[in-house]
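Coordinate inspection notes
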Amino acid sequence: MLRLGGSCLGFAEPGSSSAAKGESLADTVKTVSCYADILVMRNPKEGAALLASRYADAPVINAGDGGHHHPTQTLTDLLTIKRLRGAIRDITVGFCGDLKFGRTVHSLAKALARYPHIRMLFISPPELRVPGYITREILEKEGIKYAEADRLEEVMPELDVLYMTRVQRERFFNEEDYIRLKDSYVLNTEKMELARPSLLVLHPLPRVNEIDREVDRDPRAVYFKQAKYGMYVRMALIASILGVVPC
Amino acid sequence: MLRLGGSCLGFAEPGSSSAAKGESLADTVKTVSCYADILVMRNPKEGAALLASRYADAPVINAGDGGHHHPTQTLTDLLTIKRLRGAIRDITVGFCGDLKFGRTVHSLAKALARYPHIRMLFISPPELRVPGYITREILEKEGIKYAEADRLEEVMPELDVLYMTRVQRERFFNEEDYIRLKDSYVLNTEKMELARPSLLVLHPLPRVNEIDREVDRDPRAVYFKQAKYGMYVRMALIASILGVVPC
Amino acid sequence: MLRLGGSCLGFAEPGSSSAAKGESLADTVKTVSCYADILVMRNPKEGAALLASRYADAPVINAGDGGHHHPTQTLTDLLTIKRLRGAIRDITVGFCGDLKFGRTVHSLAKALARYPHIRMLFISPPELRVPGYITREILEKEGIKYAEADRLEEVMPELDVLYMTRVQRERFFNEEDYIRLKDSYVLNTEKMELARPSLLVLHPLPRVNEIDREVDRDPRAVYFKQAKYGMYVRMALIASILGVVPC
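Computed from a predicted model, the values in this text were never measured in an experiment.

**Describing the relation of the copies chain A and chain B**
Note on the identical chains: chain A maps onto chain B by a rotation of 120° and an axial translation of 0.0 Å, with an RMSD of 0.0 Å. Given the turn and translation reported, the copies of this chain are related as if by a three-fold rotation axis. For chain A, the minimum C-alpha distance to the rotation axis belongs to S7 of chain A and amounts to 4.7 Å.

**A short note on the interface of chain A and chain C**
For an interface, size is often stated in terms of accessible area lost upon the parts coming together. If you look at the interface, chain A gives 13 residues, while chain C gives 16 residues. Summing the contributions of chain A and of chain C, the shared interface buries around 1,300 Å²; its carbon and sulfur component is 51%. Our count for the contact surface shared by chain A and chain C stands at 3 salt bridges. Close ionic contact of D27 of chain C with R213 of chain A constitutes a salt bridge, the shortest N to O distance being 3.2 Å. Summed over the shared surface of chain A and chain C, the number is 4 residue pairs in polar contact (both at pLDDT 80 or more). In terms of residue class, the side of chain A that touches chain C is built from 7 nonpolar, no polar and 6 charged.

**A closer look at the packing of aromatic side chains**
In total, this model carries 12 aromatic pairs over all chains according to the counting rule given. Centroid distance F122 of chain C to Y146 of chain C: 6.1 Å. Interplanar angle 65°. Geometry classified as edge-to-face. Of this pair, F122 of chain C sits in strand β4 (residues 118–123) while Y146 of chain C is found in strand β5 (residues 145–149), placing the two residues 24 residues apart along the sequence. Residue Y146 of chain C is classed as partly exposed on the basis of its relative accessible area, which comes to 27%. Taken together, the ring pairs connect F95, F122, Y146 and Y163 of chain A into an aromatic cluster.

**Some points on the packing of helix α9 (residues 223–241) of chain A against helix α1 (residues 25–35) of chain C**
The N-to-C vectors of α9 of chain A and α1 of chain C enclose an angle of 35°; their axes lie 8 Å apart at closest approach. Remark: the crossing between α9 of chain A and α1 of chain C carries right-handed chirality. In contact with F224, A227, K228 and M231 of chain A of α9 of chain A, α1 of chain C contributes D27, K30, T31, S33, C34 and Y35 of chain C.

**Quick word on the environment of G47 of chain B**
Residues and elements named next belong to chain B. Residue position: G47 is located in the loop between β1 (39–43) and α2 (48–55). The sequence separation of G47 and G66 amounts to 19 residues, and the corresponding C-alpha distance is 8.0 Å. For G47, the residues in contact, after removing those within four places along its chain, are D65 and H68.

**Things to note about the interface of chain A and chain B**
Counting residues at the interface gives 17 residues for chain A, matched by 13 residues for chain B. For the pair chain A and chain B, the interface holds 3 salt bridges. For the pair chain A and chain B, the interface holds 4 residue pairs in polar contact (both at pLDDT 80 or more). For the side of chain A that touches chain B, the residue count by class is 6 nonpolar, 6 polar and 5 charged.

**Digging into the domain arrangement of chain A**
For chain A, the assigned domains are domain 1 (14–66) and domain 2 (71–227). A straight line from the C-alpha centre of domain 1 of chain A to that of domain 2 of chain A covers 31 Å.

**Describing the pairing of strand β3 (residues 91–96) of chain C**
Residues and elements named next belong to chain C. Of all 6 residues in β3, 6 are buried, a share of seventy percent or more. Alternating positions in β3 separate into two faces, I91, V93 and F95 on one and T92, G94 and C96 on the other, with burial throughout. Across 6 bridges, the pairing between β3 and β4 is parallel. Within β4, the position partnered with F95 by the bridge is F122. Regarding the hand of the β-α-β motif, the stretch spanning β3, helix α4 (residues 103–112) and β4 is right-handed. Relative to strand β6 (residues 161–164), β3 runs parallel, the two sharing 4 bridges. For C96, the partnering residue across the bridge sits in β6 and is M164.

**Some remarks on the side chain of Q73 of chain A**
All names here are of chain A. Within the fold, Q73 resides in helix α3 (residues 71–85). Assessed through its relative accessible area of 7%, Q73 is described here as buried. Residues contacting Q73, with those up to four places away along its chain left out, are T104, Y163, P204, Q226 and R234.

**As for α4 of chain C**
Counted residue by residue, α4 of chain C has 9 buried out of 10 residues, so it is predominantly covered. Turning to α4 of chain C, its buried residues number three or more, namely R103, T104, V105, H106, S107, L108, A109, A111 and L112 of chain C.

**Comments concerning the pattern of salt bridges**
Counted according to the given criterion, the structure contains 33 salt bridges over all chains. Put simply, D218 of chain A and R220 of chain A hold a salt bridge, and the shortest N to O gap is 2.9 Å. Residue class for D218 of chain A comes out buried when judged on its relative accessible area of 18%. We classify R220 of chain A as buried; its relative accessible area is 14%. One salt-bridge network, in which partners are shared between bridges, spans D27 and K30 of chain A together with R207, R213 and D216 of chain B.

**Observations regarding the sheet that holds strand β3 (residues 91–96) of chain B**
In a beta sheet, neighbouring strands are held together by backbone hydrogen bonds and run either parallel or antiparallel to one another. Residue and element names in this part refer to chain B. Strand order in the open sheet formed by 5 strands is β5-β4-β3-β6-β7, and the pairing between neighbours is parallel. The open sheet has two edge strands, β5 (145–149) and β7 (200–202), and neither has a second partner. Each strand of the sheet is rotated relative to its neighbour by a mean of 20°, with strand direction disregarded. Here strand β6 (residues 161–164) pairs with β7 via 3 bridges, running parallel. The partner of L162 across the bridge, within β7, is V201. The strands touched by helix α5 (residues 132–142) within the sheet are β4 (118–123) and β5, with β5 carrying the most contacts at an inclination of about 145°.

**Looking at the pairing of β1 of chain B**
All names here are of chain B. Here β1 shows a clear split, with L39, M41 and N43 buried on one side and none of V40 and R42 buried on the other. For β1 and strand β2 (residues 60–65), the ladder comprises 4 bridges, and the chain directions are parallel. Each residue of the ladder has a partner; that of V40, found in β2, is I61. Regarding topology, α2 serves as the crossover connection from β1 to the parallel β2, and that connection is right-handed.

**Remarks on a negative patch on the surface**
Residues and elements named next belong to chain A. Side chains of E190, E193, D212 and E214 sit close together on the surface and give a patch of like negative charge. Its location among the elements puts D212 in the loop between β7 (200–202) and α9. The class for D212 is partly exposed, based on a relative accessible area of 32%.

Definitions and limits used
- Residues numbered from 1 in each chain as written.
- Chains lettered and ligands numbered in written order.
- Predicted model: local features only at pLDDT ≥ 70, side-chain atom pairs only at ≥ 80, totals over all residues.
- Heavy atoms only, no water.
- Least-squares fit on C-alpha atoms with pLDDT ≥ 70 in both.
- Contact = heavy atoms within 4.5 Å.
- Buried area = accessible area lost by both parts, 1.4 Å probe.
- Salt bridge = Lys/Arg side-chain N within 4 Å of Asp/Glu carboxyl O.
- Polar contact = N/O pair within 3.5 Å; in protein donor to acceptor, adjacent residues only side chain to side chain.
- Nonpolar A, V, L, I, M, F, W, Y, C, P; charged D, E, K, R; others polar.
- Phe/Tyr/Trp six-rings, centres within 6.5 Å; stacked < 30°, edge-to-face > 60°.
- Helix = DSSP H or I, 4+ residues; strand = E, 2+ residues; numbered from the N terminus.
- Buried < 20%, exposed > 50% of the residue type's maximum accessible area, 1.4 Å probe, protein only.
- Axes fitted to C-alpha atoms, helices over the stretch in contact; angles between N-to-C directions.
- Left-handed = near helix turned anticlockwise from the far one by under 90°.
- Domains from an automatic or database assignment.
- Pairing = 2+ DSSP bridges.
- Right-handed = clockwise from strand over helix to strand, strands pointing away.
- Patch = residues over 30% accessible without salt bridge, like charges linked within 9 Å, V, L, I, M, F, W, Y side chains within 5 Å.
- Areas by Shrake-Rupley, 256 points an atom, 1.4 Å probe, with all protein chains shown as cover.
- Lys, Arg positive; Asp, Glu negative; His and termini not counted.
- Charge placed at Lys NZ, Arg CZ, Asp CG, Glu CD.

Structure (structure tokens):
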């Protein structure tokens, strides 16, 4: 928004805002939409953006609602693949990390299901598998090929795109599993050697230690480019909602 | 300010600001007025804005000083009444809720005392009556008609404007009174049926539960319109202080 | 930046930022430099800005790295002396307060060492003397005259510029020393009477109680002017980095 010459009102500070006085989300949204032309909302509760859109007098952009969805990240991911591969089709996409709670994974898998000839590989510990409402209700219904795997090494050679996410220690059910499995979800230069020369490694950022810093120098690591595309795609989204015509 | 094309510097975060290092209000105000063309100040201490105006090299807007006054809210309230009734005169205005600590009530009552033929009704629990410096020193001195009431139902039919505010449970002296009285200060559709078709219901927002959500659909509930007028009135105030001539 | 018509992205809130999820400084800097044209960084760790400049794709301005340096404050201090004395040369500069941990003192002493005929007097309790890497490695190497003193009164008559800083009680090794010495580092009207009519008193602000409020009215107290110069010098620095040509 700032890059487009607009300005932003922040309502993030929980201590100083009206929410601290007990105001409902509906009232906050109604009031803010008196002042702003667009509402961008990130909220820890699933469905918060949908609810907000019912009360707001201005368009609402969902910038993440709990573990549910994160559509602007998905637009970013799609743009990154499209720009760096030319098209979104005929590819095998690996998702690695915490696939149970990772809203960016859920949003991207759902979006990719609409493109032709996409195959998906889900690499995670058994406890953190992608939810059934993604695999059964979306992928199987649409006839999308997918498989699940325990270790990143097994699938590296097959991938065109690798979507890395964080695995938080506290999400594992027991310490033994964590110690046994954690290295399987860390991308390093050895694992990169198993991969195709045309692989694209994406990550929604921030990264903690699931991608070794040495991988950054590999031209296939495109997550910082992806961050830049994220800025452009959000500028485009705002411009399109406000009805700004490209020059 | 943002709508006018200007920008804002925030000094709200108590942790990161100079105030955390022990800087006095006078020094903060002097320093900030080196950088800014206008200071807008909300402070929990009564008289803070007055003090600030003595040290600042730039104009100071009081955006609320403790339980004392809140002049830009009052400008908002006056504009709302004027726009939606055509004039501010010959009306009965009810103030409901916590009238002892509510700075918006004190500011508005004081301002309305300057308009012709205004009658005021103060509806609150006995512990939260409007302070004597309002009733005796302003209203009685100016010959303004006013009365106090315990229950909203009693006065609904007489009102042209109803100014609702929050009643916080912890402000009641005993639990019994709270339970006995609390419903008297909640505006709902039943109470709205007792009122005139031309009533205007105002609220400085945020609302907690003192206005039932069903009332929002009543065209006499104008508090979200009022929020929008609040933006315009503050734009006008800033433009006028900066000497911007309307086109 | 705002005065220049630009806008700012804040990444200060430790709770809501990516740093809270465990992101490294290098990654934060890389990501932010995808969005911004300039990075301005204040960090409690010495060397943080230098490290940041190695990873950023945009220029980095060091706005203070721990107890190390504070270059934009030093530009401010130099501009203040130059504008108010006409030149930076042939002067005796006193530094008073916590000279051990005060990064603004370290930066200014180092910068002044490059100007002709500067003499420096360091006034501090013995525990808070200026570090050896300043006196031995910079001043003595460059042949700069300097001396150390325990009490401000002793040196007041000799000074052309007095640079005041805070002395924090907790920095003293024992309470006795604190009580015995603290008044020596408080500037008041009596001490000002000992000084030259042309003295300039500077302070990086915020001030706590090391300068008595009565001194503010003395025309030799220029610290609020200095704050204003600080805004201009930072505007000039940003404009120069962005390649903006002055009209």
